[in-house]
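Given next are the chains, with one letter for each unit.
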Amino acid sequence: AQKVTQAQTEISVVEKEDVTLDCVYETRDTTYYLFWYKQPPSGELVFLIRRNSFDEQNEISGRYSWNFQKSTSSFNFTITASQVVDSAVYFCALSEAWASGTYKYIFGTGTRLKVLA
Amino acid sequence: EAQVTQNPRYLITVTGKKLTVTCSQNMNHEYMSWYRQDPGLGLRQIYYSMNVEVTDKGDVPEGYKVSRKEKRNFPLILESPSPNQTSLYFCASSLGGALPGANVLTFGAGSRLTVL
(Lines give C-alpha, C1' and ligand atoms only; values in the text may rest on other atoms or scores of the structure.)
Protein backbone atom coordinates (compact mmCIF):
# COMPACT_ATOMS: atom_id res chain seq x y z
CA ALA A 1 0.00 0.00 0.00
CA GLN A 2 1.03 3.59 -0.50
CA LYS A 3 2.37 5.47 2.48
CA VAL A 4 4.26 8.70 3.08
CA THR A 5 6.07 9.30 6.34
CA GLN A 6 7.27 12.67 7.52
CA ALA A 7 8.73 11.81 10.88
CA GLN A 8 9.61 15.39 11.81
CA THR A 9 6.49 16.98 13.23
CA GLU A 10 8.06 20.35 13.92
CA ILE A 11 11.47 21.88 13.34
CA SER A 12 12.74 25.20 14.64
CA VAL A 13 15.85 26.85 13.23
CA VAL A 14 17.43 30.25 13.45
CA GLU A 15 17.47 32.35 10.34
CA LYS A 16 20.30 31.56 7.91
CA GLU A 17 20.63 27.99 9.14
CA ASP A 18 20.23 25.15 6.65
CA VAL A 19 17.41 22.70 7.33
CA THR A 20 16.41 19.37 5.80
CA LEU A 21 12.87 18.03 5.82
CA ASP A 22 12.66 14.27 5.52
CA CYS A 23 10.17 12.28 3.46
CA VAL A 24 10.08 8.50 3.23
CA TYR A 25 7.58 6.74 1.01
CA GLU A 26 6.27 3.25 0.32
CA THR A 27 4.85 2.03 -2.94
CA ARG A 28 4.63 -1.20 -4.88
CA ASP A 29 4.47 0.52 -8.22
CA THR A 30 7.52 1.12 -10.40
CA THR A 31 6.08 4.31 -11.88
CA TYR A 32 5.16 6.94 -9.36
CA TYR A 33 5.41 10.64 -8.66
CA LEU A 34 6.55 12.55 -5.63
CA PHE A 35 5.57 16.08 -4.73
CA TRP A 36 6.30 18.73 -2.16
CA TYR A 37 3.73 21.36 -1.23
CA LYS A 38 4.08 24.34 1.07
CA GLN A 39 1.34 25.67 3.35
CA PRO A 40 2.26 29.11 4.69
CA PRO A 41 0.44 30.59 7.69
CA SER A 42 -2.15 32.05 5.33
CA GLY A 43 -3.34 28.49 4.73
CA GLU A 44 -3.18 27.94 0.99
CA LEU A 45 -1.31 24.97 -0.48
CA VAL A 46 1.43 25.84 -2.92
CA PHE A 47 3.14 23.38 -5.24
CA LEU A 48 6.94 23.29 -4.98
CA ILE A 49 8.24 20.35 -6.97
CA ARG A 50 7.31 17.12 -8.73
CA ARG A 51 9.67 14.24 -9.40
CA ASN A 52 8.94 10.99 -11.27
CA SER A 53 10.34 7.64 -10.24
CA PHE A 54 12.64 7.39 -13.25
CA ASP A 55 14.42 10.65 -12.61
CA GLU A 56 16.75 10.47 -9.62
CA GLN A 57 18.59 13.63 -10.52
CA ASN A 58 18.66 16.04 -7.65
CA GLU A 59 17.17 19.45 -8.24
CA ILE A 60 18.10 22.89 -7.03
CA SER A 61 15.92 25.97 -7.25
CA GLY A 62 17.44 28.96 -5.56
CA ARG A 63 17.74 28.16 -1.85
CA TYR A 64 15.68 25.00 -2.25
CA SER A 65 17.07 21.60 -3.19
CA TRP A 66 15.62 18.11 -3.33
CA ASN A 67 17.40 14.80 -2.91
CA PHE A 68 15.59 11.78 -4.37
CA GLN A 69 17.02 8.37 -3.51
CA LYS A 70 15.11 5.31 -4.66
CA SER A 71 17.45 3.01 -2.75
CA THR A 72 16.20 4.43 0.53
CA SER A 73 12.73 5.48 -0.73
CA SER A 74 13.37 9.03 0.34
CA PHE A 75 12.68 12.43 -1.16
CA ASN A 76 14.20 14.97 1.17
CA PHE A 77 13.91 18.73 0.93
CA THR A 78 16.67 21.12 2.00
CA ILE A 79 16.38 24.84 2.51
CA THR A 80 19.71 26.62 2.51
CA ALA A 81 20.15 29.83 4.48
CA SER A 82 16.60 29.71 5.80
CA GLN A 83 14.52 32.86 6.06
CA VAL A 84 11.54 33.78 8.21
CA VAL A 85 9.34 33.60 5.09
CA ASP A 86 10.13 29.89 4.88
CA SER A 87 8.07 29.32 8.02
CA ALA A 88 5.27 27.02 6.92
CA VAL A 89 3.99 23.49 7.00
CA TYR A 90 5.53 21.36 4.27
CA PHE A 91 3.80 18.30 2.86
CA CYS A 92 5.34 15.48 0.89
CA ALA A 93 2.95 13.53 -1.34
CA LEU A 94 3.00 10.38 -3.47
CA SER A 95 0.96 9.39 -6.47
CA GLU A 96 1.29 6.16 -8.38
CA ALA A 97 0.83 6.06 -12.15
CA TRP A 98 -2.64 4.80 -11.49
CA ALA A 99 -2.34 1.79 -13.76
CA SER A 100 -3.60 -0.11 -10.73
CA GLY A 101 -6.87 1.79 -10.87
CA THR A 102 -6.48 3.66 -7.61
CA TYR A 103 -6.58 7.38 -8.16
CA LYS A 104 -5.22 8.75 -4.95
CA TYR A 105 -2.64 11.22 -3.89
CA ILE A 106 -1.23 10.20 -0.51
CA PHE A 107 0.06 12.97 1.70
CA GLY A 108 2.37 12.82 4.67
CA THR A 109 1.37 14.35 7.95
CA GLY A 110 3.45 17.44 7.27
CA THR A 111 6.43 19.11 8.93
CA ARG A 112 5.97 22.50 10.55
CA LEU A 113 9.06 24.62 10.02
CA LYS A 114 9.61 27.64 12.22
CA VAL A 115 12.40 29.99 11.24
CA LEU A 116 13.29 32.36 14.03
CA ALA A 117 14.74 35.80 13.36
CA GLU B 1 -6.79 33.70 -13.52
CA ALA B 2 -6.61 29.92 -13.28
CA GLN B 3 -8.03 28.92 -9.96
CA VAL B 4 -10.09 26.63 -7.78
CA THR B 5 -12.81 28.45 -5.86
CA GLN B 6 -14.37 27.10 -2.70
CA ASN B 7 -17.32 28.47 -0.77
CA PRO B 8 -17.93 29.14 2.00
CA ARG B 9 -14.48 29.82 3.39
CA TYR B 10 -15.70 29.67 6.96
CA LEU B 11 -18.81 28.04 8.37
CA ILE B 12 -20.11 27.25 11.83
CA THR B 13 -23.09 24.94 11.89
CA VAL B 14 -24.90 22.58 14.22
CA THR B 15 -25.09 18.82 14.29
CA GLY B 16 -27.48 17.40 11.72
CA LYS B 17 -27.97 20.50 9.59
CA LYS B 18 -27.20 19.60 5.99
CA LEU B 19 -24.60 21.71 4.27
CA THR B 20 -22.83 21.90 0.95
CA VAL B 21 -19.35 23.21 0.25
CA THR B 22 -19.04 24.23 -3.36
CA CYS B 23 -15.94 23.85 -5.51
CA SER B 24 -15.44 25.22 -8.98
CA GLN B 25 -12.41 25.26 -11.28
CA ASN B 26 -11.86 27.24 -14.49
CA MET B 27 -8.98 25.22 -15.95
CA ASN B 28 -10.99 22.51 -17.72
CA HIS B 29 -9.42 19.93 -15.45
CA GLU B 30 -10.73 16.39 -15.55
CA TYR B 31 -9.64 15.30 -12.08
CA MET B 32 -11.10 16.84 -8.94
CA SER B 33 -10.87 15.77 -5.33
CA TRP B 34 -11.67 16.73 -1.76
CA TYR B 35 -9.34 16.52 1.23
CA ARG B 36 -9.66 17.22 4.89
CA GLN B 37 -6.78 18.48 6.97
CA ASP B 38 -6.61 17.66 10.66
CA PRO B 39 -3.77 18.30 13.12
CA GLY B 40 -1.30 15.45 13.15
CA LEU B 41 -3.06 13.65 10.31
CA GLY B 42 -2.04 15.71 7.32
CA LEU B 43 -4.29 15.77 4.26
CA ARG B 44 -6.61 12.84 3.73
CA GLN B 45 -8.60 12.27 0.59
CA ILE B 46 -12.37 12.12 0.97
CA TYR B 47 -13.63 11.62 -2.58
CA TYR B 48 -12.29 12.11 -6.06
CA SER B 49 -13.67 12.34 -9.56
CA MET B 50 -11.88 11.35 -12.74
CA ASN B 51 -14.44 13.10 -14.95
CA VAL B 52 -18.10 14.06 -15.24
CA GLU B 53 -20.38 11.50 -13.61
CA VAL B 54 -17.37 9.47 -12.39
CA THR B 55 -16.73 9.64 -8.65
CA ASP B 56 -15.14 7.31 -6.14
CA LYS B 57 -14.25 7.09 -2.50
CA GLY B 58 -10.96 8.18 -1.05
CA ASP B 59 -9.64 7.16 2.33
CA VAL B 60 -12.21 8.87 4.57
CA PRO B 61 -15.56 9.02 2.73
CA GLU B 62 -17.89 8.28 5.65
CA GLY B 63 -20.42 11.03 6.23
CA TYR B 64 -19.81 12.77 2.90
CA LYS B 65 -21.35 12.75 -0.54
CA VAL B 66 -20.23 14.30 -3.81
CA SER B 67 -21.53 14.75 -7.31
CA ARG B 68 -19.94 15.71 -10.60
CA LYS B 69 -22.66 16.79 -13.00
CA GLU B 70 -20.51 19.37 -14.72
CA LYS B 71 -16.80 19.31 -15.40
CA ARG B 72 -16.08 22.51 -13.51
CA ASN B 73 -18.03 21.79 -10.30
CA PHE B 74 -17.50 19.23 -7.56
CA PRO B 75 -19.58 20.01 -4.46
CA LEU B 76 -19.02 18.28 -1.13
CA ILE B 77 -22.21 17.46 0.74
CA LEU B 78 -22.52 16.75 4.44
CA GLU B 79 -26.02 15.32 4.83
CA SER B 80 -25.97 15.21 8.64
CA PRO B 81 -22.81 16.86 9.95
CA SER B 82 -21.31 15.70 13.22
CA PRO B 83 -18.64 17.31 15.42
CA ASN B 84 -15.98 14.88 14.16
CA GLN B 85 -16.36 16.52 10.74
CA THR B 86 -14.99 19.76 12.13
CA SER B 87 -11.98 20.28 9.92
CA LEU B 88 -10.26 22.31 7.24
CA TYR B 89 -11.41 21.19 3.79
CA PHE B 90 -9.58 21.58 0.51
CA CYS B 91 -10.81 21.03 -2.99
CA ALA B 92 -8.20 20.37 -5.68
CA SER B 93 -8.10 19.75 -9.40
CA SER B 94 -5.61 18.53 -11.97
CA LEU B 95 -5.36 17.58 -15.63
CA GLY B 96 -6.41 14.12 -16.70
CA GLY B 97 -4.58 12.45 -19.54
CA ALA B 98 -2.78 9.16 -19.90
CA LEU B 99 -1.00 9.42 -16.56
CA PRO B 100 -3.33 11.41 -14.33
CA GLY B 101 -1.20 10.65 -11.26
CA ALA B 102 1.62 12.69 -12.75
CA ASN B 103 -0.28 15.91 -12.56
CA VAL B 104 0.18 18.72 -10.09
CA LEU B 105 -2.81 19.46 -7.90
CA THR B 106 -4.17 23.01 -7.83
CA PHE B 107 -5.86 23.66 -4.52
CA GLY B 108 -8.64 25.96 -3.45
CA ALA B 109 -8.09 28.31 -0.54
CA GLY B 110 -9.73 25.98 1.95
CA SER B 111 -13.00 25.93 3.89
CA ARG B 112 -12.90 25.85 7.67
CA LEU B 113 -15.92 24.04 8.98
CA THR B 114 -16.98 23.86 12.63
CA VAL B 115 -19.82 21.56 13.66
CA LEU B 116 -21.23 22.22 17.13
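## Things to note about the nonpolar core
Residue and element names in this part refer to chain A.
So, step 1. Counting 24 residues, the largest nonpolar core has Trp36, Phe77, Tyr90 and Leu113 as the members making the most contacts within it.
So, step 2. Among the secondary structure elements, those contributing two or more residues to this core are strand S2 (10-14), strand S3 (19-21), strand S5 (32-39), strand S8 (64-69), strand S9 (74-79), strand S10 (88-96) and strand S12 (111-116).
So, step 3. In terms of residue count, S10 provides more of this core than any other element does, four residues in total.

## So, empty space enclosed by the protein
Residue and element names in this part refer to chain B.
So, step 1. All chains considered together, the criterion is met by one cavity of 30 Å³ or more.
So, step 2. Lining the largest cavity are Pro8, Leu11, Val21, Tyr89, Ser111, Arg112 and Leu113.
So, step 3. The element that contributes the greatest number of residues to the lining of the largest cavity is strand S11 (residues 111-115), accounting for three residues.
So, step 4. Grouping the amino acids of the lining of the largest cavity by side-chain chemistry returns five nonpolar, one polar and one charged.

## Brief notes about the sheet that holds strand S1 (residues 4-7) of chain B
Residues and elements named next belong to chain B.
So, step 1. The strand order S1-S3-S8-S7 describes an open sheet built from four strands, whose pairing is antiparallel. Here the strands that pair on one side only, and so sit at the sheet edges, are S1 and strand S7 (65-66).
So, step 2. Of the pairings in the sheet, the one linking S1 to strand S3 (residues 19-25) comprises four bridges and is antiparallel in character. Looking at the pairing, Asn7 lines up with Thr22 of S3.

## Details of the pattern of salt bridges
So, step 1. By the definition in use, this model includes seven salt bridges over all chains.
So, step 2. With a shortest N-O distance of 2.8 Å, Arg44(B) and Asp38(B) are connected by a salt bridge.
So, step 3. Within the structure, one salt-bridge network assembled from shared partners comprises Arg51(A), Asp55(A) and Glu59(A).

## Notes on unusual backbone geometry
So, step 1. For the bond running from Asn7(B) to Pro8(B), omega is 0 degrees, close enough to zero to count as cis.
So, step 2. Structurally, the position occupied by Pro8(B) is in the loop between S1 and strand S2 (10-13).
So, step 3. Of note in the backbone geometry, Ser73(A) takes a positive phi value of approximately 50 degrees without being a glycine.
So, step 4. When you line up the elements, Ser73(A) lands in the loop between S8 and S9.
So, step 5. Overall, Ser73(A) belongs to the partly exposed group, its relative accessible area being 23%.
So, step 6. Positioned with a positive phi, Asn28(B) is a non-glycine residue whose angle comes to about 60 degrees.

## Quick word on the layout of surface pockets
So, step 1. Size it by volume and the largest pocket reaches roughly 660 Å³.
So, step 2. Among the elements that make up the lining of the largest pocket, the one with the highest residue count is S12(A) (four residues).

## Notes on the packing of aromatic side chains
Residues and elements named next belong to chain A.
So, step 1. Summed over all chains, the structure comprises 21 aromatic pairs over all chains.
So, step 2. Between Tyr64 and Trp66 the ring centres are 6.0 Å apart and the planes differ by 85 degrees, which places this aromatic pair in the edge-to-face class. Summarising the burial analysis for this pair, Tyr64 and Trp66 share the class buried.
So, step 3. Relative to Phe77, the ring of Trp66 has its centre 5.0 Å away and its plane inclined at 5 degrees; by these criteria the two rings are stacked. Here Trp66 is found in strand S8, whereas its partner Phe77 is found in strand S9, with 11 residues between them in sequence.

## Re the confidence of the model for chain B
So, step 1. When the pLDDT values of chain B are averaged, the result is 94; 100% of them are 70 or greater.
So, step 2. Ranking the helices and strands of chain B by mean pLDDT puts strand S8 (residues 76-78) of chain B first, with 98, and strand S6 (residues 54-57) of chain B last, with 90.

## Some remarks on the state of the cysteines
So, step 1. Across all of its chains, the model carries two disulfides over all chains by this definition.
So, step 2. The disulfide bridge from Cys23(A) ends at Cys92(A), spanning 2.0 Å between sulfur atoms. A torsion of -65 degrees about the S-S bond marks the disulfide between Cys23(A) and Cys92(A) as left-handed. Placement of the pair is Cys23(A) in the loop between S3 and strand S4 (24-26) and Cys92(A) in strand S10, with a sequence separation of 69 residues.
So, step 3. Residue classification places Cys23(A) among the buried residues on the basis of a relative accessible area of 0%.
So, step 4. The side chain of Cys23(B) participates in a disulfide bridge whose partner is Cys91(B); the two sulfur atoms lie 1.9 Å from each other. Negative torsions about the S-S bond denote left-handed disulfides, and the value of about -75 degrees found for Cys23(B) with Cys91(B) makes this one left-handed.

Definitions and limits used
- Residues numbered from 1 in each chain as written.
- Chains lettered and ligands numbered in written order.
- Predicted model: local features only at pLDDT ≥ 70, side-chain atom pairs only at ≥ 80, totals over all residues.
- Heavy atoms only, no water.
- Core = buried A, V, L, I, M, F, W, Y, C linked by side-chain atoms within 4.5 Å.
- Buried < 20%, exposed > 50% of the residue type's maximum accessible area, 1.4 Å probe, protein only.
- Helix = DSSP H or I, 4+ residues; strand = E, 2+ residues; numbered from the N terminus.
- 1 Å grid on protein atoms, 1.4 Å probe; cavity = no way out; pocket = protein on both sides within 12 Å on 5 of 7 lines; lining within 4 Å.
- Points joined across faces, edges and corners; volume = space filled by probe spheres on them.
- Nonpolar A, V, L, I, M, F, W, Y, C, P; charged D, E, K, R; others polar.
- Pairing = 2+ DSSP bridges.
- Salt bridge = Lys/Arg side-chain N within 4 Å of Asp/Glu carboxyl O.
- Phe/Tyr/Trp six-rings, centres within 6.5 Å; stacked < 30°, edge-to-face > 60°.
- pLDDT = per-residue confidence, 0-100.
- Disulfide = S-S within 2.5 Å.

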